[in-house]
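Residues per chain, in single letters:
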Amino acid sequence: MNGVSRLVFVFLLALLPGGCRSGMTVNTNARLTLAKPVQGRISTDLPPRRDSGPLQTVAVDGPTGCAPAATKIALIDVDGVLVNGNQVGPYSEGENPLALFREKLDAAAADRQVVGVVIRINSPGGGVTVCDMMHHELRRFKERTQLPVTAYIMEVGAGGGYYLATAADSIHAHPTALVGGIGVVLNLYNLQDAMGFVNVAGQQIKAGQNIDMGTALRPLTPETAAMLQQMADDFHKRFQRVVAANRPAAPRDNPALFDGRVFTAEQARALGLIDQLGYLEDAISDVQSRSGGGPSQVVMLRRETDPARTPYAVTANRPPLDKLMPLSIPGLDRPDLPTFMYLWGIEPTGDRGGAK
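These numbers come from a predicted model, not from an experiment.

What counts, and at which threshold
Residues numbered from 1 in each chain as written. Predicted model: local features only at pLDDT ≥ 70, side-chain atom pairs only at ≥ 80, totals over all residues. Heavy atoms only, no water. Helix = DSSP H or I, 4+ residues; strand = E, 2+ residues; numbered from the N terminus. Buried < 20%, exposed > 50% of the residue type's maximum accessible area, 1.4 Å probe, protein only. Contact = heavy atoms within 4.5 Å. Core = buried A, V, L, I, M, F, W, Y, C linked by side-chain atoms within 4.5 Å. Expected span 1.5 Å × (residues − 1). Phe/Tyr/Trp six-rings, centres within 6.5 Å; stacked < 30°, edge-to-face > 60°. Axes fitted to C-alpha atoms, helices over the stretch in contact; angles between N-to-C directions. Parallel < 35°, antiparallel > 145°, perpendicular 65-115°, else oblique. Nonpolar A, V, L, I, M, F, W, Y, C, P; charged D, E, K, R; others polar. Salt bridge = Lys/Arg side-chain N within 4 Å of Asp/Glu carboxyl O.

Visitor: Can you walk me through the side chain of D111 in this structure?
Guide: Tracing the chain through its elements places D111 in the loop between helix 2 (97-110) and strand 3 (114-123). Judged by relative accessible area, which is 16%, D111 ranks as buried. With sequence-adjacent residues up to four places away left out, D111 is seen in contact with T57 and K72.

Dropping the structure here:
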């Protein structure tokens, strides 16, 4: 490890609480080699990939034989943390989850052979606004196409992932899936002591007393905490209204339903949060039966460089190493994340890579 990389490594460790430095081991193969001294800023962000062209339909399941099926079931995948931003990296498609979701819906609506849609969800949620917009886009799609839509929750359909699912006509879930997370979170951190440890002090010039509310430079004041709590409560009420409007069987007087916890799929069905337990083919069969047609080909919508060979295909949309040091420190990642989130997240830094 040369002088520059050692300096970066020591600086990152210095930002950790004092008691963590001596007992912490970080293994990394990252290496920075400079042939000669350089001046200026060294950027470790990876450039986005080139435009891979419009979406194409790729058959992943359905009737076998020489003649293709006359109709299609579109399988639209929604994976990972839902944020409004492009992901970059050598093994990433660089897609914006919100824009990609809308593009897939438009492609399905334009294909006259599509007779139904399955929204395959595996997401803990994401930004409040992004999740609400995706929910809105799915409702508009249903209104203008009149196609049957089933949401299928794979492993996790929590927070905004479940928020999106409520826009479908019915919700199916894998028997071992986690469902719910009807709550709001805003991760804030106080880095004042950590910055003081390395002799760094914030110097702000501001106009407007609360323009920096939630800053990591100092502890929250009671007044600021109250204002942010009111915002979180408002977004939470909106989530509850969406559930009540789309899942009338869910008991609104059950406080456990709306306290942010996740449920097993069996518990979620008993509470009226989902309709059926089963496998992906069961959700596809549900749409097929409601479409009123014969056997259909199951297709996914993919870029030319994004293969799909089975209904479980996932777009590579999360860079494996998007920073010089593969180390995540609470607070330092906050500028890359949304603020208020419909997100079931037990990792305090959220997800640096966004959607998978």
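Visitor: Where do I start with the environment of L277 in this structure?
Guide: On the secondary structure map, L277 appears in strand 9 (residues 276-277). It is 5.7 Å that separates the C-alpha atoms of L277 and H174, two residues lying 103 residues apart in sequence. The contact partners of L277, leaving out residues within four places of it in the chain, are A173, A265, E266 and R269.

Visitor: I keep staring at the nonpolar core and nothing clicks. Help me out?
Guide: Across soluble globular proteins, nonpolar side chains show a tendency to be buried alongside one another. Of all hydrophobic cores here, the largest spans 52 residues; its most connected members are F101, V117, I119, L138, Y162 and L273. Top contributing element to this core by residue count: helix 3 (residues 128-145), with six residues.

Visitor: Looking at this structure, how should I read helix 3?
Guide: For an α-helix, 3.6 residues make a turn, and residues three or four places apart therefore share a direction. Compared with an ideal rise of 1.5 Å per residue, which puts 18 residues at 26 Å, helix 3 spans 26 Å between its outermost C-alpha atoms and is within 8% of the ideal. Every buried residue of helix 3 is listed here: V128, V130, C131, M134, H135, E137, L138, F141 and K142.

Visitor: Where do I start with the packing of aromatic side chains in this structure?
Guide: Note on aromatic pairs: each is described by the distance of the centres and the angle between the planes. Counted according to the given criterion, the structure contains four aromatic pairs. Pairwise contacts between aromatic rings join Y163, F239 and Y342 into one cluster.

Visitor: Can you help me understand the packing of helix 2 against helix 3 in this one?
Guide: Any two packed helices are characterised by the angle at which their axes cross and by the distance between the axes. Running from N to C, helix 2 and helix 3 point in directions that differ by 5°, and their axes come no closer than 10 Å. Taken as axis vectors, helix 2 and helix 3 run roughly parallel relative to one another. Contact with helix 2, carried on its side by P97, L98, F101, R102, L105, D106, A108 and A109, involves V130, M133, M134, E137, L138, R140, F141, R144 and T145 of helix 3 and no other residues of that element. For the contact of helix 2 with helix 3, a count of residues per class yields 11 nonpolar, one polar and five charged.

Visitor: For this particular structure, what's the right way to read helix 8 (residues 280-291)?
Guide: Spanning 12 residues, helix 8 covers 17 Å between terminal C-alpha atoms, matching the ideal 16 Å at 1.5 Å per step. Residues of helix 8 that are buried: L280, A283, I284, D286, V287 and Q288. Where the residues of helix 8 are buried, they touch strand 2 (72-79), strand 3, strand 5 (149-158), strand 6 (170-173) and strand 10 (297-302). Looking one or two residues beyond helix 8, the residue adopting positive phi is G292, at roughly 80°.

Visitor: Explanation requested: the pattern of salt bridges in the structure shown.
Guide: Applying the stated criterion across every chain, the model contains 20 salt bridges. Residue D77 pairs with R302 through a salt bridge whose shortest N-O separation is 3.2 Å. Residue D77 is located in strand 2, and its partner R302 is located in strand 10; the two are separated by 225 residues in the primary sequence. Given a relative accessible area of 0%, R302 falls into the buried group. Across the pair R144 and D106 runs a salt bridge, and its minimum N-O distance is 2.8 Å. Taken together, the residues R144 in helix 3 and D106 in helix 2 connect sequence positions 38 residues apart. On the accessibility criterion, R144 (40% relative accessible area) is partly exposed. Three or more residues joined by partner-sharing salt bridges are found here, namely R102, D106, E137, R140 and R144.

Don't take any of this as a statement about function, it's just geometry.
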